[in-house]
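Here is what each chain is made of, one letter per residue.
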Amino acid sequence: MSAYEHDYPDHTATPGYAHGDEPPCNASSNPTFYDVVDARASRRGFLLGGLAAAVTGVFAAGAGSQARAQGAAQKPSLMGFKPVKVSVADTVTVPEGYRVQVLGAWGEPITGAMPAFRPGLNTAAEQGQQIGMHHDGMHFFAIDGSSTDGLIVVNHEYVEPRFLHAAAKGKELNSEAFVLTNGARDAEEVAKELAAQGVAVYRTRRGADGRWSVVADPRNRRITGATRIEFSGPVRGSAHLVTKYSTDGVATRGTLNNCAHGVTPWNTFMTAEENWAGYFRNAEKMPREQSRYGVSPKQGRYGWELAAGGADEFARFDATPKGASAREDYRNEPNGFGWMVEIDPFNPQSVPVKRTHLGRFAHEGVVFAPAQQGKPVVCYSGDDARFEYIYKFVSAKPFDAKTASGALLDEGTLYAAKFNADGSGEWLALAPGQNGLTPENGFANLADILINTRLAADRAGATKMDRPEWGAVHPANGEVYFTLTNNTARTQAQVDPANPRAQNQFGQIVRWREDGDDHGATKFRWELFVIAGNRATSRTFAGQALGEDNIFACPDGLWFDGAGRLWIQTDIGESEQNRGAVEPMGNNQMLCADPATGEIRRFLTGPSGQEITGVITTPDMRTMFVGVQHPGATTSPKDFAVGKLTSHWPDGQGAIPRSATLVITREDGGVIGA
Ligand code: FEO
Ligand code: CA
Ligand code: CA
Ligand code: CA
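Our focus in this paragraph is the coordination of the calcium ion (ligand 3). Here the calcium ion (ligand 3) is held by Glu469 (OE), Asp556 (OD) and Asp571 (OD), and the distances to it run 2.3 to 2.5 Å. Counting the intervening residues between successive donors of the calcium ion (ligand 3) yields the motif E-x86-D-x14-D. Between the calcium ion (ligand 3) and the calcium ion (ligand 2) the interatomic distance amounts to 3.6 Å, and glutamate 469 serves as a bridging ligand to the pair. In this pair, aspartate 556 is assigned in strand E25 (residues 555–560) and aspartate 571 in the loop between strand E26 (566–570) and strand E27 (589–593), connecting sequence segments 15 residues apart. Taking relative accessible area as the criterion, aspartate 556 reaches 2% and is therefore assigned buried.

So, about the sheet that holds strand E29 (residues 611–617). Whenever strands of a sheet pair, they do so through backbone hydrogen bonds, lying parallel or antiparallel. Overall, antiparallel pairing links the four strands, which are arranged E1-E31-E30-E29 in an open sheet. The sheet is open, and its two edges are formed by strand E1 (98–103) and E29, each paired on a single side. Strand after strand, the sheet turns through a mean of 25° between neighbouring axes, direction not considered. As paired elements, E1 and strand E31 (residues 660–666) share six bridges and run antiparallel to each other. When the sheet's bridge partners are listed, arginine 99 is paired in E31 with threonine 665.

With that settled, the discussion passes to unusual backbone geometry. The omega torsion of the bond from tryptophan 649 to proline 650 falls at 0°, within 30 degrees of zero and hence cis. In this fold, proline 650 is placed in the loop between helix H11 (637–641) and E31. Positive phi outside glycine occurs at methionine 621, with the angle close to 65°. Assignment of secondary structure puts methionine 621 in the loop between E29 and strand E30 (624–629). One non-glycine residue, glutamine 653, lies in positive phi territory at about 50°. With respect to the helices and strands, the residue glutamine 653 is situated in the loop between H11 and E31.

What counts as what
- Residues numbered from 1 in each chain as written.
- Chains lettered and ligands numbered in written order.
- Predicted model: local features only at pLDDT ≥ 70, side-chain atom pairs only at ≥ 80, totals over all residues.
- Heavy atoms only, no water.
- Donors = N, O, S within 2.8 Å, 3.2 Å for Na, K, Ca; no water.
- Helix = DSSP H or I, 4+ residues; strand = E, 2+ residues; numbered from the N terminus.
- Buried < 20%, exposed > 50% of the residue type's maximum accessible area, 1.4 Å probe, protein only.
- Pairing = 2+ DSSP bridges.
- Axes fitted to C-alpha atoms, helices over the stretch in contact; angles between N-to-C directions.

In short, geometric facts, not functional conclusions.
As structure tokens, this is what we get:
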């Protein structure tokens, strides 16, 4: 057992650090994923040369899928496109015979007075009527089953103040930095940053010319870092949620750092709250429900608590106790974040709901198993921080298509995953009286367990993973896939650019099958689907190395289309992109995989400085929407000051870069990927 977390006293100095990454906060002694893989692969680890043996060892004990891969290899490929090459160009490339257009870029008006995009100059109120920044998880909600008319719901993960505010012009700022004046932040800028995060709902339709556009519609809506949101489930009304804003602990303002998403079996959207902890500060000794998540002891990530004028809506980001009780201050404000939030896109009047039974952590997203009449609703969610866990929720009540609603998510059992060395796995219930979660051990009741989900999983003995990101469930066989994006903090002693596996800069994808193919089961069988990297350091489960057509690093977004094609999106952090061990992978990209054979082909490459995140098709699978987040984020402070940006995508010609959604179609109108 290595003391991995302690290798870097300053987590921002670790290789692969990206703005917003939380500090490793897991001080428990649970085994890491690599301890388990190492054990299965004999003691050779992932050092170059030992990789093949290690991987073979891992897969040999798996669910027999090499034999399956050999059988499946006889069948025609799921993929009919020619792979695109790695790219470092400030543009989007797609395979021959495919077309791309840009839709719904940051700043495009969708509601209210439909204020036009004015780079750097829009007010906070205007930003609240426009598409937000930094597009992430996304879904297309077809209107009446249409494949040419629907509502896009898209998450806006975070902001880059330097692109958001005119006052940043000419200053040496990195992608996270902001401008302070006399130790305070401009309150209008803070309000605009809150308005640029959250979620956008907008209608889009395909025109006669085949192009898609934003359509004004009463359902178009922005949910931001300031929108009223209610709590539901076991933590609603708990003392942990009492604030000056909600003295009965039933509501809060805003959803933040909205990364990936989920779609419920009753057709609502779930938005995840990922790297929210750093937005808050607490100058006093922090309670465990803040320290275990990485609330800042100094200043919040964007210094929102420093907004001039001290308005309550901004001062709440300082959780330092100031009043006589929780009813008089914001000591509990951070407890209102780290949840999955349900939004009904078809009802613009609906108040979004934080579903507390799904646990509190750095939720990357959530993926639901296909609902079955009369069976519990099951969903999976990863906690994207180094050495954190994968979770699943199983509802207490069965799914009934006629009556199903978010209430199903308020009662059930939350589990954390334990991956055993022999290829078996267990789901550990995070419930009162189970797995050591007792009052004697510091877990007073279910609300206490859920507020402290990470600590409960520590106690239960879950397996520490390499930053779990998106999950996906195979539509036909129910296999569950999760991306583990990277974990450069694995051991400093093994850091070696030629042997990057030791510090895992590249990531991998794990998959498992629940016992009896029952998603409610408490046991499963797992194996690695692919270990990402270059030719020398990668392997698919079928024993193939990745090469020209498919090398990639840092898998993040993951989605199955209706035909069982697995779409993989990459997020090499902006401090690493196009250099060092990940230089051969070029700009972030999207690939397509055949889960039966392990074949992977590169489908798309993105512009400079961005990550590809968010993917969905229309029901007919002939139009695909893909997200491009933070183009230009690789611009250095010095270059920013002189207006030299690494990206001008999508507008070109010296324009400020903008996150946006790609619309991908085939010239022959065929199914995407086929
Ligand atoms: Fe927001 Fe873990 O990606
Ligand atoms: Ca992600
Ligand atoms: Ca990521
Ligand atoms: Ca990122």
